[in-house]
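Chain by chain, the residues run as shown.
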Amino acid sequence: MARVSTTVLPNAGASNGSATRALLCTEDITAPIARTLFFMADDLLPWITNPEQRRPLLSGKTLAAAFYENSTRTRLSFTLAAQYLGMQTVDLSVATSSVQKGETLEDTLLTLAALGVNAVALRHGENTIHTDVALPVLAAKNVLLLNAGAGNHEHPTQALLDAYTLYRTFDGKLSGKTLCMAGDIAHSRVARSNAQLLNALGVKVTIAAPACWHPNTNTDNAFAHAQLTESLAEGLANADAVMALRIQHERHSNTEIDVNVAHYQINHGALEKWAPNCKAVLHPGPMNRDVEISSALADDPNISCIPQQVTHGVAIRMALLLWGFGLDTVPA
Ligand code: CP
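This is a predicted model, so every value here is computed, not measured.

## As for the sheet that holds strand 2 (residues 88-91)
A sheet is described by the order of its strands in space; here four strands give the open sequence 2-1-3-4, paired in parallel fashion. If you trace the sheet from one side to the other, it starts and ends with strand 2 and strand 4 (144-150), each paired once. Taken over all neighbouring pairs, the strand axes of this sheet differ in orientation by 15° on average, direction set aside. Sheet analysis places strand 1 (residues 62-67) next to strand 2, joined by four bridges and oriented parallel. Directly across from Ala64, in strand 2, lies its bridge partner Val90.

## A closer look at the packing of helix 5 (residues 156-169) against helix 6 (residues 189-200)
The contact between helix 5 and helix 6 brings their axes to 8 Å, and the two run at 55°. One element, helix 5, and the other, helix 6, form an angle in the oblique class. Crossing angle aside, the handedness with which helix 5 passes helix 6 is right-handed. Counted together, Pro156, Gln158, Ala159, Leu160, Asp162, Ala163 and Leu166 of helix 5 and Val190, Ser193, Asn194, Leu197 and Leu198 of helix 6 form the full contact between these two elements.

## Remarks on unusual backbone geometry
Backbone torsion omega between Gly285 and Pro286 reads -10°, so that peptide bond is classified as cis. Structurally, the position occupied by Pro286 is in the loop between strand 9 (280-282) and helix 9 (295-298). For Asn142, which is not a glycine, the phi torsion comes out positive at approximately 55°. Within the secondary structure layout, Asn142 lies in the loop between helix 4 (129-139) and strand 4. Here the phi dihedral of Asn238 falls at roughly 70°; this positive angle occurs in a residue that is not glycine. On the basis of relative accessible area, Asn238 is assigned to the exposed category, the value being 66%.

## Brief notes about the nonpolar core
Phe38, Leu44, Leu160, Met181, Met318 and Leu321 are the most contacted members of the largest nonpolar core, which has 74 residues in total. Sort the elements by how many residues they give to this core and helix 1 (residues 31-49) lands first, with eleven residues. Cys25, Val99, Ile129 and Val143 belong to the second largest nonpolar core, which has 24 residues in total.

## Digging into the site of the ligand
Taken together, Asn70, Ser71, Thr72, Arg73, Thr74, Arg123, His155, Gln158, Pro284 and Gly285 make up all the residues around the ligand. A distance of 2.6 Å separates an oxygen atom of the ligand from a polar atom in the side chain of Thr74. Gly285 places a main-chain nitrogen or oxygen 3.2 Å from a nitrogen atom of the ligand. Within the complex, the protein chains bury 92% of what would otherwise be the 250 Å² of accessible surface of the ligand. Residues of the shell around the ligand, tallied by class, amount to one nonpolar, seven polar and two charged.

## A short note on the confidence of the model for the protein chain
Averaged over every residue, the pLDDT of the protein chain is 93; residues scoring 70 or more account for 92%. Overall, residues 1-16 carries pLDDT values under 50, and its contacts beyond four positions in sequence, including any with other chains, amount to 46 contacts.

## Quick word on the packing of helix 3 (residues 105-114) against helix 4
At their nearest, the axes of helix 3 and helix 4 sit 9 Å apart, and the two run at 35° to each other. Our pair here, helix 3 against helix 4, has a crossing hand that is right-handed. Of the residues in helix 4, those touching helix 3 at Leu105, Glu106, Leu109 and Leu110 are Ile129, Val133, Ala134, Val137 and Leu138.

## Regarding the side chain of Thr157
Mapped onto the elements, Thr157 comes out in helix 5. For Thr157, the contacting residues outside a window of four places in its chain are Leu23, Thr74, Phe78, Asn147, Ile316, Arg317 and Leu320.

## Comments concerning the pattern of salt bridges
For the coordinates displayed, the defined rule picks out seven salt bridges. With a shortest N-O distance of 2.8 Å, Glu69 and Arg189 are connected by a salt bridge. With a gap of 120 residues between them, Glu69 in the loop between strand 1 and helix 2 (73-84) and Arg189 in helix 6 connect regions that are remote in the sequence. You can call Arg189 buried: its relative accessible area is 9%. As a salt-bridge pair, Arg289 and Asp299 come within 2.9 Å of each other at their nearest N and O atoms. Of this pair, Arg289 sits in the loop between strand 9 and helix 9 while Asp299 sits in the loop between helix 9 and helix 10 (306-324); the two residues are ten residues apart in sequence, bridging distant segments of the chain.

## Focus: the sheet that holds strand 7 (residues 227-229)
Spatial strand order, 7-6-5-8-9: five strands in an open sheet with parallel pairing. On the outer flanks of this sheet lie strand 7 and strand 9, each paired with one strand and no other. Strand after strand, the sheet turns through a mean of 20° between neighbouring axes, direction not considered. One ladder, built from three bridges, connects strand 6 (residues 204-208) with strand 7; its direction is parallel. By the bridge assignment, Ile207 is partnered in strand 7 with Leu228. Of the strands in this sheet, strand 8 (241-245) and strand 9 touch helix 5, which is tilted by about 170° from strand 9.

The rules behind these values
All chains use their own residue numbering, which begins from 1 and follows the written sequence. Owing to the predicted nature of the model, reporting of local features is limited to residues with pLDDT of at least 70; listing and counting of side-chain atom pairs is limited to 80 or more, with chain, interface and lining totals taken over all residues. Excluding hydrogens and water, the side-chain figures rest on all heavy atoms present in the structure. One requirement defines pairing of two strands: DSSP has to find at least two bridges between them. A run of DSSP states H or I qualifies as a helix once it reaches four residues; a run of E qualifies as a strand once it reaches two. Both are numbered from the N-terminal end. Note on geometry: axes are lines fitted to C-alpha atoms, helical ones only across the stretch in contact, with angles between N-to-C directions running from 0 to 180 degrees. Under this scheme an angle from 65 to 115 degrees is roughly perpendicular, one under 35 degrees roughly parallel, and one over 145 degrees roughly antiparallel; angles in between are oblique. A crossing counts as left-handed when the near helix is turned anticlockwise from the far one by less than a right angle, and as right-handed when that turn is clockwise. Here a residue-residue contact requires only that any non-hydrogen atoms of the pair lie within 4.5 Å. Only protein chains enter the calculation, and the probe is 1.4 Å; a residue is then buried if its accessible area is under 20% of its type maximum, exposed if over 50%, and partly exposed in between. Residues belong to a common nonpolar core when they are buried Ala, Val, Leu, Ile, Met, Phe, Trp, Tyr or Cys residues joined through side-chain atoms within 4.5 Å. For each residue, the test is whether any non-hydrogen atom lies within 4 Å of the molecule or strand; if one does, the residue is near. We call two N or O atoms a polar contact when they sit within 3.5 Å, provided that within protein one can donate a hydrogen and the other can accept it, with sequence-adjacent residues counted only if both atoms are side-chain atoms. Using a 1.4 Å probe, the Shrake-Rupley method yields the accessible areas, and only the shown protein chains count as cover for residues. The nonpolar class holds Ala, Val, Leu, Ile, Met, Phe, Trp, Tyr, Cys and Pro. Asp, Glu, Lys and Arg form the charged class, and all remaining residues, Gly among them, are polar. Within a predicted model, pLDDT stands for the predictor's per-residue confidence, ranging from 0 to 100. The term salt bridge refers to a pairing of a side-chain nitrogen on Lys or Arg with a carboxyl oxygen on Asp or Glu at a separation within 4 Å.

Here it is in structure tokens:
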């Protein structure tokens, strides 16, 4: 797959208000970049609940949310993050747009640039379309491109907010911790992006899933450092944190093997038996209650970090917008 660095635009390094970076691939998020974004998110987190703290640092700029696949969390959190920084926001609303009349992605992105949009959060069903199609169009117009999810391949901002949730849970000490991801890993861009970023941050990843939902490690090295098992008990052993992942029905073929999902459900019983030291339960959402995660565990404020993940998503995306326009700290 063709890959482009996070710093790609012609005016890279400038902080004159033009886009200087792009976030396309989780693999491009180095540990120093992640730490920079976490520090910025720490400063920005209070802005979410305290409107009087907000400052229009990106006033005069416009973000377009261009989502070719459904979304609640990512689309709304990008939108709110931009608004909390003083940006204007527009939603492409793909289902009612001229995409339905056959307009190409290139032409839609050129139209957004011509409308004066300065940043695009793009979600698309094709794995490499951000790098292959969107970046060349938007970079030429100095428009910031942020990957808001690509096929079953990339969800870098979700990986960032998940890692940030672990970072806050474990007081900044991620190295040496173990996260178990359980469920439909093979079809999950969240699992793939998390495996990559957490490895860069020194977190050990175990995968508990039936064999048909194991990632193909022969063709994809994103999970090269993860420990794969079909046993939930084995996957949960020594876990400091657990992430449940939903079944990605929309990405299954007709020949998909029937799986007894109950064997992989994350619930209080499984944690008590196999992961007594687990401090945090995560789920990227949307969740199917009492399928991959028990409703009681999802709602247990003593261990469930699911609401915090959503809030952290806003702070991380605020940090990312500032970073995309050339800032590595939140100006005082
Ligand atoms: N986690 C996530 O990407 O959720 P949405 O599909 O609702 O954005």
